Structure formats: C-alpha cells, structure tokens
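One letter stands for each residue in the lines below.
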Amino acid sequence: MDKLLVSDVGRKCGFPMNESATSLEVLGWSRQGIAYPQLTDTQGVSRVVVEHRGAYEILGPFGAHEAILETASRQIADDPTDYPAVGDWVVHSLEPIDNRRVGIIEVLPRRSSMLRRAPGSAPVPQVVGANIDVLALVVSVDQEIDEHLIERYLVTAEGGNASPIIVVNKSDLGGAGKVRDRLEQRGIRCPIYLVSAKNENPHDQLVELLNQGSTVAVTGSSGVGKSTLVNQMVGDVVLATGAVTSEGSGRHTTVRRELLLAQGGVLIDTPGLREVQIWEELGLETVFHEIAAVATACRFADCSHRNEPSCAVKQATGDGRIDPSRLASYLALCEELSDLTDEIDEYQRSQRRRRDARQN
Ligand SMILES: Nc1nc2c(ncn2[C@@H]2O[C@H](COP(=O)(O)OP(=O)(O)O)[C@@H](O)[C@H]2O)c(=O)[nH]1
Ligand SMILES: [Mg+2]
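Rules of the game
Residues numbered from 1 in each chain as written. Chains lettered and ligands numbered in written order. Predicted model: local features only at pLDDT ≥ 70, side-chain atom pairs only at ≥ 80, totals over all residues. Heavy atoms only, no water. Pairing = 2+ DSSP bridges. Helix = DSSP H or I, 4+ residues; strand = E, 2+ residues; numbered from the N terminus. Axes fitted to C-alpha atoms, helices over the stretch in contact; angles between N-to-C directions. Buried < 20%, exposed > 50% of the residue type's maximum accessible area, 1.4 Å probe, protein only. Core = buried A, V, L, I, M, F, W, Y, C linked by side-chain atoms within 4.5 Å. Contact = heavy atoms within 4.5 Å. Near = heavy atom within 4 Å. Polar contact = N/O pair within 3.5 Å; in protein donor to acceptor, adjacent residues only side chain to side chain. Areas by Shrake-Rupley, 256 points an atom, 1.4 Å probe, with all protein chains shown as cover. Nonpolar A, V, L, I, M, F, W, Y, C, P; charged D, E, K, R; others polar. pLDDT = per-residue confidence, 0-100.

Take the sheet that holds strand 1 (residues 43-51) next. As summarised here, the arrangement of the 5 strands in space is 1-2-3-5-4, forming a closed barrel in which the pairing is mixed. In this sheet, adjacent strand axes meet at a mean angle of 55° when their direction is disregarded. Where strand 4 (residues 89-96) and strand 5 (residues 102-107) come together, 4 bridges link them in antiparallel fashion. Along strand 5, the bridge assignment pairs Val91 with Glu106.

Listed below in structure tokens is the structure:
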C-alpha cells in the first residue's frame with residue numbers, strides 16, 4: 001500500500017506537497033476493487049471532490065488541487081458520461097498544465113455510477129456521483145413518505161450498482177418505527193435505519209458502514225435533515241479541512257467540498273443527486289422483486305401487465321398477492337423509461353440527419 005501514500009515520485013519532481021495530502025486508502029480506495037493504473041513519474045491518482053463547470057477539485061496523495069481535462073482526454077470524451085464526476089478516481093499530471101491547474105489524463109473505470117438526465121433538452125445521461133458503495137436515501141418522520149419517490153431512488157441505486165439504504169431521520173420526534181414497518185410491509189427490502197441527526201452521537205450502523213471505508217452518498221428531499229446528518233457524521237475536525245481555497249481571480253473563494261471524510265469512510269453530498277431521474281431499467285427487477293417473480297408466469301414474455309390476456313401479474317394483483325400501489329409505481333417507471341427510449345431514438349435520428357446533411 002506504500003505506493004499509494006505520499007510517494008517518492010512527488011519529491012523527485014520537486015512537486016510542492018501541500019498539507020492536504022491524503023492517501024487513497026483514506027479516500028475509500030480499498031473497498032472499490034479498482035485496479036491501480038500504470039503511472040509515469042510525472043503522474044498521480046486522486047479523487048474528484050467537487051465538480052465545477054469544466055473544472056474539478058481533486059484530493060489525493062499529492063494534496064488538494066484544481067484540475068482541468070488535458071486536451072487529449074477532452075477529445076476522447078465525446079460521451080457526457082466520459083467526463084469526470086464527484087467520486088471519480090483520476091490519473092492526473094503532477095505539474096500544472098496551465099499556470100495553476102493540473103491536467104486530468106484519464107478517468108479510471110467506475111465501480112458504480114449514479115445517472116440522471118443531463119439538464120438541457122437533449123436526452124443524454126450525466127453522472128452525478130461515481131464509485132458510490134452505498135446510496136443513503138434520507139426520509140424523515142415529519143414529512144410525508146412518498147413510496148413512489150423512494151422506489152425511484154432504489155431503482156437508480158440498484159441500476160447504478162450501489163447498495164441502497166433508507167435512513168428514517170428525526171426518530172426523536174417519534175413514529176419512526178411505524179415508517180419502517182410501512183416500508184417493509186410494502187415489500188421494500190433494503191436496510192432501514194432509524195436515526196436522529198440531532199443526537200450527540202451518530203447512529204451505530206452508519207458509523208459501522210463508514211468505518212469499513214465505504215463511500216456513502218446522501219440524498220433525499222429538502223428538509224429531511226441531510227445537512228444535519230452529514231455534520232453529525234463528519235464532526236468538527238474534518239469540517240475544518242472541508243474547504244479548499246482557490247486563488248483563481250486573485251481573491252480567495254471558498255469552495256464547498258461535496259466529498260467529505262467521515263468516520264473512516266467517505267460521505268458524498270452532491271446537489272445533483274437530489275434530482276435523479278431513472279435512466280435505465282437495470283434496477284427494476286431487484287426493487288420490484290415480487291412483480292418480477294410473478295411475471296415469469298405471464299403468457300407473453302414481453303407482457304406489459306396492462307391489457308394482455310393471461311397476465312400473471314394482473315391476476316396476482318386481483319387476488320391480493322401484489323399491492324396495486326406497487327404495481328402502479330412499477331408501471332409508471334416502465335412508462336417513463338419507454339418514453340425516454342423513444343426520445344433517445346428520435347434524438348439520435350436527428351443527429352444522424354444533421355451529420356449526413358453536413359457531409360453532403
Ligand atoms: N427533531 C429533529 N430535527 C432535525 C433532525 N435532523 C434535522 N433536523 C432539523 O430539520 C431541519 C432541516 O434540516 P437540514 O439538515 O437543513 O435538512 P436538509 O435540507 O435535508 O439538508 C432543520 O431545522 C434541522 O434542525 C433530527 O434528527 N431531529
Ligand atoms: Mg441541506
């Protein structure tokens with residue numbers, strides 16, 4: 001593991017070590033099972049902690065730096081998901097490539113990625129969080145629990161290869177057990193923790209999770225207590241180093257880090273994660289396990305569970321084995337995905353037409 005700590009490479013290059021130097025281990029590397037890349041003497045590996053428009057803050061064995069994409073990697077990045085996102089591990093130059101920012105040469109293959117539709121009219125995906133081990137969806141006892149929204153998050157997590165958990169916050173107000181019972185009765189199978197972010201001590205199971213070196217992304221609606229929870233987990237010591245200063249335009253701007261070290265692990269709190277829109281159907285079967293199990297008995301393999309004859313899912317809903325509200329939630333997500341597929345097809349056709357027109 002020595003190789004991953006502040007290494008001889010930096011010293012050899014005379015690269016100024018800044019005091020934020022953080023080992024990859026501390027940044028959550030070891031749980032991720034990503035192969036360490038071949039590096040030259042003038043390259044390092046760091047993790048993206050904040051993404052700005054076209055620029056990044058990275059943290060690693062060589063300290064905290066502002067970074068931009070190398071020209072060569074900018075040319076490779078023709079798919080929006082090729083660009084670095086918060087949580088990514090990147091290979092970068094040790095020396096600045098303009099007079100202050102280091103250059104990102106490569107984004108290492110991701111173990112997981114949280115996708116949403118990119119802002120703007122084109123139906124293209126955007127990575128809002130990368131290499132997340134656990135997606136913690138926070139709900140609270142003093143806000144209406146929206147099961148459809150919860151299921152949407154669960155599908156996004158499962159589809160992106162992160163393990164979901166549900167955190168029922170503000171348990172000090174009472175009624176948290178009831179929320180858990182309701183979710184479990186509905187058929188939601190992921191771990192559900194009852195916590196109070198206002199407690200002096202953070203919740204044992206969350207601490208345990210971070211202690212294993214996990215990267216945990218926190219998401220949920222406004223007001224459920226995400227910020228309070230993150231502060232509770234992070235504690236004062238790390239918060240003090242939680243801001244990076246950049247001397248960009250001659251004045252000091254404090255940048256909010258979206259990736260924080262906490263309890264031996266890593267917490268990610270990106271605003272983009274709060275507007276997830278499902279992008280792929282991968283997680284549907286896992287989240288709606290009871291529907292998937294029954295659907296194998298439908299007469300048609302591509303049964304949409306709407307009007308087809310001999311639909312086992314409709315039958316199971318009729319005789320109470322499947323909750324009609326779960327089916328509604330499932331069908332709504334299927335319809336959204338099918339609309340998205342149509343939109344992507346149309347978009348790609350128009351792109352092709354435009355390309356052909358240019359060539360003629
Ligand atoms: N009673 C109680 N209030 C909480 C708890 N966690 C957060 N709050 C309060 O809920 C409000 C919203 O919290 P905040 O962290 O800003 O929510 P966010 O929008 O999800 O980041 C604030 O007034 C917090 O003090 C909790 O565990 N118990
Ligand atoms: Mg907040």
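Attention shifts here to unusual backbone geometry. Residue Gln263 is not a glycine yet carries a positive backbone phi of 55°. Tracing the chain through its elements places Gln263 in the loop between strand 14 (259-262) and strand 15 (265-268). Residue class for Gln263 comes out partly exposed when judged on its relative accessible area of 31%. Its identity as a non-glycine residue notwithstanding, His305 has a phi of 60°, on the positive side. With respect to the helices and strands, the residue His305 is situated in the loop between helix 8 (289-295) and helix 9 (312-318).

This part takes up the nonpolar core. Within the largest apolar cluster, 58 residues are counted, with the highest numbers of intra-cluster contacts made by Ile150, Ile166, Leu183, Leu273, Phe288 and Val313. With sequence-adjacent residues up to four places away left out, Ile166 is seen in contact with Leu137, Val139, Ile150, Leu183, Ile188, Cys190, Pro191, Ile192 and Tyr193. With 22 residues, the next largest nonpolar core counts Val134, Val195, Val216 and Val234 among its residues.

Before going further, it helps to examine the site of ligand 1. Neighbouring ligand 1 are 15 residues, the closest being Asp172, Ala197, Gly223, Lys226 and Thr228. Interatomic distance of 3.4 Å between a backbone N/O atom of Val224 and an oxygen atom of ligand 1. Here an oxygen atom of ligand 1 sits 2.9 Å away from a polar atom, N or O, in the side chain of Ser227. With the chains in place, 72% of the 580 Å² that ligand 1 exposes on its own is no longer accessible. In terms of residue count, helix 6 (residues 226-239) provides more of the shell around ligand 1 than any other element does, 3 residues in total. When its residues are assigned to classes, the shell around ligand 1 shows 3 nonpolar, 8 polar and 4 charged.

When pLDDT is averaged along the protein chain, the result is 87; 87% of the residues meet or exceed 70. Predicted confidence is poor over residues 1-16, with pLDDT under 50, and the contacts of this stretch with residues over four places away or in other chains come to 34 contacts. Segment residues 237-255: pLDDT under 50, and 27 contacts once partners within four positions in sequence are set aside and those in other chains are kept.

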